[in-house]
Amino acid sequence: MAEAQAPYAAGLRTVASELDDVKLPVEGTPPPWLSGTLLRNGPACFEAGDRSYRHWFDGQAMIHRFRVDGGNVTYSNRYLETPARTEALTNGRIGYREFATDPCRSLFRRLFTLFAPNPLPPSGNANVNVIPYGDRMLALTETPLPVEFDPETLRTVGVVGYEDALAAQLTTAHPHVEPGEGHLLNYSVRFGRVSQYLIHRQREGSVTRREVLAEQPVTRPSYMHSFAVTASYAVLVDFPYRVNPLALLLSGRPFIENYTWRPDEPTRITLFSLADGSVAGTYEAPAMFAFHHINAYEEEGAAGAGAGPAAVVLDLCAYPDAEIVRSLYLDRLRAGGVVAQPLPTRLRVDRRTGTVSVTRLSAEPMELPRINYRHHNGRSYRYAYGVGARNPQDPDFLNQLVKLDLESGATRTWHEPGCYPGEPVFVPAPDAAPDDEDGGAVLSVVLDAAAQSSYLLVLDAASFEELARARVPQAVPFGFHGVFTRGDGGSG
């Protein structure tokens, strides 16, 4: 008897075909100003030889490109050429450690893989995000070695090495542009007997050199997929999903399976000054977990003489615990079932009282959040966009797009039965004023389960109504993050 599969299983199957500028049939009319390139990143190969990767986050990276111009849309896709991909193709085996798949059985190899200042050889499986930086286009994952690719051909240029002495083994695929500066900020973890959280800055135009802004010792590091930034602070929200670094060496388990959920411990929030790296405060909130921050900003008013803002607001997509990590193993996803959904949640840090209040912003689930980043990153904002589940208790996956109005709490949704959208990328209209926060379009790559293919969906950001769709002649596997770039150098 054939094994039952979820209706969205086509989004979790390996793609064999690499297409080049295929013209797509377009239904409807995209905005006449929408001209540029949407680049998407995500896993697209889930096997090596006769062995399967274990987790959605483990699959081999593929870049997808949608070019939009004058109502015409073309599609291209190409695998990143990485050591992990080469090993799988050449020798038919999984040769590198991934998020939840680990072929390494040697303690000696683990020592070099996890604790060497520059882990060698790197997997290069940068399957999480895409960012333009300077004149380069970079694919990112949670190891601190981005992979450059050519946005015109999608060919891989190579792993980008750093010309600095910053030794770390783990980072995020979600660096932030420093508000008002243009520098790139990120956080990393240096594992050791006493581990370190590092906040570091890459000055504008410098792709290969990082400057450590702040260091904080930690005995059991938390798994933090992203962090927050405001006008004055880099903010770490340290969830009680922690690891003993020795377990990474000695347990014999894949990377993420060494982390333990500790529900009796608090969520810790640390504010690091962007001016000098000093700790401006550490605060505690109830236990929770999140992959993604939505945005953060400071409230006016003073915490005290020379003490900075009175409050810091942190919005994130919060789960009650870390069970979602296990829910995303491929065997569980492909079989179908209820997948935990996060709720948009606000942590307000009152720096005068040292307390943290927790508020649900909506009962509508939201994940893979995006905002009008150009004008509202690290600043107060009104609108957020994400994916969610229409009926969170049903055995289904992410099946709708959500727009949240943070002032009123109202939501708008886009849903079509049997269709599964990916991350919504907000693209500002070129003539939109800075205070016209939702003046633009929202783009999402949607799997049509019945057709076993995908399409690029274009919504009006203000009304959240469909404007157009462009059908791809194959299924685009579920991915994670991407960026829209315009010919004038702007991005969404």
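Summarised in this report is the structure supplied together with it. (Residues numbered from 1 in each chain as written. Predicted model: local features only at pLDDT ≥ 70, side-chain atom pairs only at ≥ 80, totals over all residues. Heavy atoms only, no water.)

Details of the side chain of Asn 372
To keep it simple, the criterion reads: Runs of E in the DSSP output that reach at least two residues are strands. Runs of H or I that reach at least four are helices, and both are numbered from the N terminus. In protein, a polar contact means a hydrogen-donor-capable atom and an acceptor-capable atom, both N or O and within 3.5 Å, with residues adjacent in sequence counting only if both atoms are side-chain atoms; elsewhere, any N or O pair within 3.5 Å suffices. Between two residues, a contact is recorded if the distance between any of their heavy atoms is within 4.5 Å.
For Asn 372, the location among the structural elements is in the loop between strand S27 (367-370) and helix H6 (373-376). Polar contacts involving the side chain of Asn 372 include one to the main-chain carbonyl oxygen of Glu 437, which spans 2.9 Å. Among all residues touching Asn 372, those that are not within four sequence positions of it are Asn 377, Phe 426, Asp 436 and Glu 437.

Side note on the packing of aromatic side chains
Aromatic ring pairs: the centre-centre distance and the angle between the two ring planes describe each pair. Convention followed: In summary, the pairing rule links any two rings of Phe, Tyr or Trp, Trp by its six-membered ring, whose centres are within 6.5 Å, and it sorts them by plane angle into stacked for under 30 degrees, edge-to-face for over 60 and tilted for everything else. Throughout, exposure labels follow a simple rule: accessible area from a 1.4 Å probe, protein chains only, divided by the maximum for the residue type, with under 20% read as buried, over 50% as exposed, and the rest as partly exposed. Note on criteria: charge over ring means Lys NZ or Arg CZ within 6 Å of the ring centre, with the direction from the centre no more than 35 degrees off the ring normal.
Tallying each qualifying case throughout the model produces 28 aromatic pairs. Measuring from centroid to centroid gives 5.7 Å for Phe 57 and Phe 291, while their planes differ by 75 degrees, and the two rings are edge-to-face. Taken together, the positions of Phe 57 in the loop between strand S5 (51-52) and strand S6 (60-69) and Phe 291 in strand S23 (residues 289-302) put the pair 234 residues apart, joining distant regions of the chain. Each member of the pair, Phe 57 together with Phe 291, is buried. The residue whose ring lies beneath Arg 85 is Tyr 79, and the NZ or CZ to ring-centre distance is 3.7 Å. Here the guanidinium or amino end of Arg 334 rests over the ring plane of Phe 46, the centre of that ring lying 5.6 Å away.

Some remarks on helix H1 (residues 83-91)
Put simply, the rule is: What the arc describes is the spread of directions from the helix axis to the C-beta atoms.
Turning to H1, its buried residues number three or more, namely Ala 84, Arg 85, Glu 87 and Ala 88. Taken end-on, H1 shows its buried residues confined to a sector of 165 degrees, consistent with a single buried face. Among the exposed residues of H1, those pointing more than 90 degrees away from its buried face are Leu 89 and Thr 90. Buried residues along H1 sit in contact with strand S3 (36-45), strand S4 (47-48), S6 and strand S7 (72-79).

Details of empty space enclosed by the protein
Stated formally: Any residue with an atom within 4 Å of a point lines the site, the site being either a cavity, points on a 1 Å grid over the protein atoms alone where a 1.4 Å probe fits but cannot get out, or a pocket, an open set with protein on both sides within 12 Å along at least 5 of 7 lines. Grid points are joined across faces, edges and corners, and a volume is the space filled by probe spheres set on the points. Classification used: nonpolar for Ala, Val, Leu, Ile, Met, Phe, Trp, Tyr, Cys and Pro, charged for Asp, Glu, Lys and Arg, polar for all others including Gly.
A full pass over the atoms with the stated rule returns four cavities of 30 Å³ or more. Its boundaries defined by the atoms lining it, the largest cavity holds a volume of some 200 Å³. For the largest cavity, the lining is made up of 20 residues, of which Leu 140, Pro 146, Tyr 162, Asn 186 and Gln 202 are closest to its centre. Secondary-structure elements contributing two or more residues to the lining of the largest cavity are strand S9 (136-140), strand S14 (184-190) and strand S15 (195-202). No other element matches the four residues that S14 contributes to the lining of the largest cavity. Tallied by class, residues from the lining of the largest cavity come to eleven nonpolar, eight polar and one charged. Space inside the second largest cavity adds up to approximately 120 Å³. Considering the residues around the second largest cavity, the lining is formed by 13 residues, among which Val 445, Val 476, Pro 477, Phe 478 and Gly 479 are closest to the centre. Tallied by class, the residues present in the lining of the second largest cavity amount to eight nonpolar, four polar and one charged.

Considerations on the environment of Pro 30
Within the fold, Pro 30 resides in the loop between strand S2 (26-28) and S3. Distance in space between the C-alpha atoms of Pro 30 and Leu 274 is 40 Å, their sequence separation being 244 residues. Setting aside residues no more than four positions away along its own chain, Pro 30 makes contact with Gly 71 and Ala 468.

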